[in-house]
Amino acid sequence: MQVISQVDARIISEIQRCLADTTDRGLISAAKWLSELLLSVPASKRNIDTTANMSSASMELSEELEDQPSWLSREELDAEERDADVINVAGKCMEARQYHQAVHFLRSCTSAKSRFISVYCRFITSEKKALNEWHKTDNTRHQPPLPVNAAINDLLDSVKDSTDPWLQFLEALFLHRLSRIPEALNVLYRTLSICPWNWSAWTLLGQCLHSSEALTDALTNINLPLDHPLPQMFQVKIMNELHTATDVELQLCDRLLGTDYFCNNLWLMGQRGRALYDTLEFAKAESQFENMFKLDPDRIEDLDVYSNILHLRGSREKLTALADKFLLVDKNRPEVCCVVGNHYSVRGERDKAIKYFRRATLLDRTCLTAWTLMGLEYHELTNYPAAIESFRKASDINKKDSRPWAGLGAAYDAMGMSQYGLFYYQQALKLRPYEASIWEGVGSCYEQLTKNRDSMIALKRAVELLKPSTPVRRRATNRARIVRLARLIGDKKEALQQEIEYIKLCDKELLVVNLRSPRDSLAEMYISCIYNVAEYHDSTNGNLKLAYDYCSWLSVLEPSSRVKSVREQIKNKAAARGCDLTNESSPQFGYSLDYKEGRCLLLEFLQRTGSVTDAYPRLPNIQVTKQIWYTDQKK
């Protein structure tokens, strides 16, 4: 487990200082994040500012000023003090969203803080103008994928080569907008080494990283101890964004939520819930989000993820209550629209679900969850072109998310365009190589392309990656597909091995296949596998006991003179070798009764219900320890 340095008076002082800086500069999201983080520090540590501690901190600060870069020089502090009144007015203008007026007031100021506010306000106004121009071309072929801000280059020239960490942040922001990622990364490394608690810079850094290897390189290039809490929190955030969170990230969250760090921090609790969601621990994730919403019942952040979990678990009542509540809180938030969309989706009202997901994208065109969910709804309606459009929007917003890529693969696969589907599934695999559903999609595409061996390999990989909690029906379906592909390939040895694996799965899980008439494809595959394995051992004089046992089982499922004839033939062969297969004490030739137990239990049930009347020959006296039950599985 990684060591994390405890939160002490020095870290608290740094957070408080950066909180004031972000607030003064109008970085609202970063200021909110820092204020919540500070509030989650235990009060016993946060309120420890005695006179002695304050004087000690002042002495340390005065010593550090000598080693700080020029942005904290005495001249800079004097310039800030001279511009203080104007900066205060500009800040109020920003709060009132009067950005042009803020720029006007700051036109004669010289401090780095005033330059930051001025450039940042110019950036916001240019973004609004670019967005308005972009919307003028809505629903036309001339509309670019994203708004184009023509003022970015001029803004970059105004902050280039600055030694102030806040102006460096703006430089990195503009470089990122120009897709000059390597240059943006170098600038971000410098600014975070000087001012590590600027969460806006960490967020921008996350947008530049597309793999766990890039995350490791980034943390190495930042001049910050690895036991510092910030790299640990950033690791959790990025691994969640990459949807590759593991037990390591869960342990980090547990440590950071301890009493020595940031206990009951809502952001960390949300990240822990996301990690559980990505590891398919839906019940634990639901419990985590419920604990978070108990602390802040009106919190809207992470609400869309929570509603996804409720949708997957089929919690209609909870989703309805959640939608009703937050529609009254703030119906114009995209997260709330996603909740309402999930509410209608779980009820099967897909047109209404699409309406609310569309509304979420209108409120925030970068709402990845809404675009992805809307694509899934269109897919369910078999409107594949609309699904493709939605998934493309989602992938344009965040290329690190595997779900839009997998959605594109599924849509093209459903349209019969398997080559395209395979390409997009492979893109998804680059992001989530251990996702069973993506491997299933790859296998489907290869199968349509008649690349049966490649399809079989992909489906085998999918079976290996399925969690123990996966419904047995899904595992049996994949096994049946593998058997069919092995037969098509003509590899008898491989086909026999896969048939045996399929029989073992079905026997072990008792009623995974519906053996009552009318039988489904899984049951027919099960019967054919039993017959093939029995025939193989009969023809090769192999495990005659196993072949006899399978033929006896077939005589119950498919009574026919042919099966009875084969069974008698096997019995005579074994007798010629000195073995009486009707004797319970007869050698078993390596056949384990463990796999027979499932059939015996099933036979007992079928006999009780009158589904079969023939007695199973020499039924072993097995102690029944499992409850007999029956349910018709969905085909």
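None of the values given here were measured: they were computed from a predicted structure. (Residues numbered from 1 in each chain as written. Predicted model: local features only at pLDDT ≥ 70, side-chain atom pairs only at ≥ 80, totals over all residues. Heavy atoms only, no water.)

With that settled, the discussion passes to the overall build of the protein. For the protein, the count of helices and strands is 33 helices and 0 strands. The buried share of the protein, reckoned over its 635 residues, is 50%. Intrachain contacts of the protein at a sequence separation of at least 6 include 58% that bridge at least 24 residues. On the protein, roughly 31,200 Å² of surface is accessible, and the fraction owed to carbon and sulfur atoms is 50%. (Helix = DSSP H or I, 4+ residues; strand = E, 2+ residues; numbered from the N terminus. Buried < 20%, exposed > 50% of the residue type's maximum accessible area, 1.4 Å probe, protein only. Contact = heavy atoms within 4.5 Å. Areas by Shrake-Rupley, 256 points an atom, 1.4 Å probe, with all protein chains shown as cover.)

To continue, consider the pattern of salt bridges. With the rule as written, the count across this model stands at 32 salt bridges. Two residues, Arg461 and Glu464, come together in a salt bridge whose shortest N-O distance is 3.3 Å. Taken as a pair, Arg461 and Glu464 lie in helix 27 (residues 452-465) at a separation of 3 residues, close to a single helical turn. Taking relative accessible area as the criterion, Glu464 reaches 58% and is therefore assigned exposed. (Salt bridge = Lys/Arg side-chain N within 4 Å of Asp/Glu carboxyl O.)

Core analysis: the largest hydrophobic core is formed by 137 residues, its most contacted members being Phe174, Trp202, Leu205 and Met233. Beyond its immediate stretch of four places on either side in the chain, Met233 contacts Trp33, Leu37, Trp197, Leu256, Phe262, Trp267 and Leu268. Residues Tyr502, Ala534, Leu546 and Val566 belong to the second largest nonpolar core, which totals 32 residues. (Core = buried A, V, L, I, M, F, W, Y, C linked by side-chain atoms within 4.5 Å.)

So, about the UniProt feature "repeat: TPR" (unreviewed entry) in the protein. Under the UniProt annotation, "repeat: TPR" (unreviewed entry) lies at residues 368-401 and 402-435. Helix makes up 79% of residues 368-401 and strand 0%, with an end-to-end C-alpha separation of 9 Å. In residues 402-435, the share of helix is 79% and the share of strand is 0%. The end C-alpha atoms are 10 Å apart. (UniProt positions renumbered as here; feature names shortened; annotations may be inferred.)

Attention now goes to a nonpolar patch on the surface. On the surface, a nonpolar cluster with roughly 280 Å² of combined accessible area is contributed by Met415, Met417 and Tyr420. Tracing the backbone through its elements, the reader meets Tyr420 in helix 25 (residues 418-431). (Patch = residues over 30% accessible without salt bridge, like charges linked within 9 Å, V, L, I, M, F, W, Y side chains within 5 Å.)

Take helix 1 (residues 9-24) next. Between its terminal C-alpha atoms helix 1 stretches 23 Å, which fits the 22 Å expected from 16 residues at 1.5 Å a residue. Residues Ile11, Ile12, Ile15, Cys18, Leu19, Asp21 and Thr22 constitute the buried set of helix 1. Those residues of helix 1 that are buried are in contact with helix 2 (28-39), helix 3 (43-46), helix 10 (165-177) and helix 14 (229-241). Following helix 1 by one or two positions, Gly26 has its phi on the positive side, about 80°. (Expected span 1.5 Å × (residues − 1).)

Given two aromatic rings, their pairing is described by the distance between the two centres and the angle made by the two planes. Counted under the stated rule, the structure contains 15 aromatic pairs. Taken together, a centroid distance of 5.8 Å and an interplanar angle of 25° make the contact between Tyr344 and Tyr356 stacked. Taken together, the residues Tyr344 in helix 20 (residues 334-346) and Tyr356 in helix 21 (residues 350-363) connect sequence positions 12 residues apart. In textbook terms, an aromatic cluster arises when at least three aromatic residues are bridged by ring pairs, as seen for Trp405, Tyr412, Tyr420, Phe423 and Tyr424. Residue placement shows Arg25 over the ring face of Phe116; its charged tip is 5.9 Å from the ring centre. (Phe/Tyr/Trp six-rings, centres within 6.5 Å; stacked < 30°, edge-to-face > 60°. Lys NZ or Arg CZ within 6 Å of the ring centre and 35° of its normal.)

So, on to unusual backbone geometry. Keep in mind that most residues, glycine aside, have a negative phi and that most peptide bonds are trans. One non-glycine residue, His243, adopts positive backbone phi at about 55°. Inspection of the secondary structure puts His243 in the loop between helix 14 and helix 15 (247-256). Using a relative accessible area of 11% as the deciding quantity, one classes His243 as buried. Within the chain, Asp302 stands out as a residue other than glycine whose phi angle is a positive 70°. Note that Asp302 resides in the loop between helix 17 (282-295) and helix 18 (303-312).

Per-residue confidence for the protein gives a mean pLDDT of 83; residues scoring 70 or more make up 86%. Between residues 49-55, whose pLDDT stays under 50, and residues either more than four places distant or in other chains, the model counts 2 contacts. Counting interchain partners and residues more than four positions distant, the pLDDT-below-50 stretch residues 61-70 has 6 contacts. (pLDDT = per-residue confidence, 0-100.)

Of note, Gly270 is situated in helix 16 (residues 266-278). Gly270 sits 23 residues away from Phe293 along the chain, and the two C-alpha atoms are 9.7 Å apart. When residues no more than four places from it in sequence are discounted, the contact partners of Gly270 are Phe289, Met292 and Asp302.

Looking at where Gly443 falls in the secondary structure, it is placed in helix 26 (residues 436-448). Distance from Gly443 to Ile457, taken between C-alpha atoms, is 7.7 Å for residues 14 residues apart in sequence. Discounting chain neighbours no more than four positions away, the residues touching Gly443 are Ser455, Ala458, Leu459 and Arg481.

A few words now on the environment of Met415. Relative to the elements of secondary structure, Met415 occurs in the loop between helix 24 (402-414) and helix 25. Separated by 33 residues in sequence, Met415 and Thr382 place their C-alpha atoms 9.2 Å apart. Non-local contacts of Met415, meaning those with residues more than four positions away in its chain, are made with Tyr384 and Ile388.

With respect to the secondary-structure elements, Ser390 resides in helix 23 (residues 384-397). If sequence neighbours within four positions are ignored, Ser390 has contacts with Trp371, Met374, Gly375 and Tyr378.

At a minimum axis distance of 10 Å, the contact between helix 22 (residues 368-380) and helix 24 shows a crossing angle of 20°. If you check the angle between helix 22 and helix 24, you find them roughly parallel. As helix 22 packs across helix 24, the resulting crossing turns out to be left-handed. Where helix 22 abuts helix 24, its residues Leu368, Thr372 and His379 lie against Arg403, Pro404, Ala410, Ala411 and Ala414. A breakdown of the residues in the contact of helix 22 with helix 24 according to their chemical character gives 5 nonpolar, 2 polar and 1 charged. (Axes fitted to C-alpha atoms, helices over the stretch in contact; angles between N-to-C directions. Parallel < 35°, antiparallel > 145°, perpendicular 65-115°, else oblique. Left-handed = near helix turned anticlockwise from the far one by under 90°. Nonpolar A, V, L, I, M, F, W, Y, C, P; charged D, E, K, R; others polar.)

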